[in-house]
Amino acid sequence: GQHWSTKIGRLTSRALAVRDAHPEDFIDIDYADLVTDPVGTVGAIHEALRWRRGSDVDAAIAAERGRSRKDRFGKHRYQLADFGLDEAQVRAEVGPYMERHGY
C-alpha cells in the first residue's frame, strides 16, 4: 500500500505540473460524469478537440453500456487500513490532486 501511495502521489504531482505548463493540451473530465453520462462526456471531449462525431460513436457507447454493468463481478469493498494506510497518509501523497479536482 505504501509503495503505491507514494508512486501515485509522485505521478499525480508530475501530472499536475505538466498540465499547468501546457493547459491548452488537456481536457479535464470527471470519471463520475463519464459513468453517468457517457454520451455527453464523450461529446464534450469531441467538441473540445474539434473532432467530428458520427452516430457510430454514440452506438459504440450504447453497446458498451449494454455489455458493462456495475458490480457484474460482485461488489468490492476496500479500506485504506487493508493496505496499511490511513487517510492522512493518502492525503499527504495525493492531496494537491484531490483538491484541484474537488475530491
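Definitions and limits used
- Residues numbered from 1 in each chain as written.
- Predicted model: local features only at pLDDT ≥ 70, side-chain atom pairs only at ≥ 80, totals over all residues.
- Heavy atoms only, no water.
- Phe/Tyr/Trp six-rings, centres within 6.5 Å; stacked < 30°, edge-to-face > 60°.
- Buried < 20%, exposed > 50% of the residue type's maximum accessible area, 1.4 Å probe, protein only.
- Lys NZ or Arg CZ within 6 Å of the ring centre and 35° of its normal.
- Salt bridge = Lys/Arg side-chain N within 4 Å of Asp/Glu carboxyl O.
- Helix = DSSP H or I, 4+ residues; strand = E, 2+ residues; numbered from the N terminus.
- Patch = residues over 30% accessible without salt bridge, like charges linked within 9 Å, V, L, I, M, F, W, Y side chains within 5 Å.
- Areas by Shrake-Rupley, 256 points an atom, 1.4 Å probe, with all protein chains shown as cover.
- Axes fitted to C-alpha atoms, helices over the stretch in contact; angles between N-to-C directions.
- Parallel < 35°, antiparallel > 145°, perpendicular 65-115°, else oblique.
- Left-handed = near helix turned anticlockwise from the far one by under 90°.
- Contact = heavy atoms within 4.5 Å.
- Nonpolar A, V, L, I, M, F, W, Y, C, P; charged D, E, K, R; others polar.
- pLDDT = per-residue confidence, 0-100.

## Quick look at the packing of aromatic side chains
Phase 1 of the analysis: All told, the structure shown has one aromatic pair when counted by the stated rule.
Phase 2 of the analysis: Judged by centre distance (6.1 Å) and plane angle (50 degrees), the rings of Y78 and F83 are tilted.
Phase 3 of the analysis: Exposure remark for Y78: the relative accessible area of 56% places this residue in the exposed category.
Phase 4 of the analysis: Residue class for F83 comes out partly exposed when judged on its relative accessible area of 44%.
Phase 5 of the analysis: Above the ring of W4, the side-chain terminus of K7 is found at 4.7 Å from the ring centroid.

## Describing the pattern of salt bridges
Phase 1 of the analysis: All chains considered together, the criterion is met by four salt bridges.
Phase 2 of the analysis: Measuring nitrogen to oxygen at the nearest pair gives 2.8 Å for the salt bridge that ties D28 to R19.
Phase 3 of the analysis: Given a relative accessible area of 47%, D28 falls into the partly exposed group.
Phase 4 of the analysis: Put simply, R91 and E87 hold a salt bridge, and the shortest N to O gap is 3.0 Å. Here R91 pairs with E87, and both are found in helix α5 (residues 87–100), just four residues apart, close to one helical turn.
Phase 5 of the analysis: On the basis of relative accessible area, E87 is assigned to the partly exposed category, the value being 49%.

## As for a nonpolar patch on the surface
Phase 1 of the analysis: A cluster of nonpolar side chains, namely I27, I29, L49 and W51, defines an oily patch on the protein surface of about 380 Å² accessible area.
Phase 2 of the analysis: Mapped onto the elements of the fold, W51 is located in the loop between α3 (38–49) and α4 (55–67).

## Examining the packing of helix α1 (residues 2–21) against α5
Phase 1 of the analysis: Relative to each other, α1 and α5 sit at 25 degrees, their axes nearing to 9 Å. Considered as vectors, α1 and α5 are oriented roughly parallel to each other. For the crossing formed where α1 meets α5, the hand is left-handed. Residues Q2, S5, T6, I8, G9, T12, L16, R19 and D20 of α1 pack against Q89, V90, E93, V94, P96, Y97 and R100 of α5.
Phase 2 of the analysis: Here the residues of the contact of α1 with α5 sort into six nonpolar, six polar and four charged.

## Side note on the confidence of the model for the protein
When pLDDT is low, close inspection of the predicted coordinates is not appropriate.
Phase 1 of the analysis: Put simply, the protein has an average pLDDT of 90, and 100% of its residues get 70 or more.
Phase 2 of the analysis: Per-element averaging of pLDDT across the protein places α4 at the bottom with 84 and α1 at the top with 95.

## Concerning the side chain of S5
Phase 1 of the analysis: Here S5 lies in helix α1.
Phase 2 of the analysis: Assessed through its relative accessible area of 9%, S5 is described here as buried.
Phase 3 of the analysis: If we skip the residues at most four places from it in the chain, S5 touches L85, Q89, V90 and E93.

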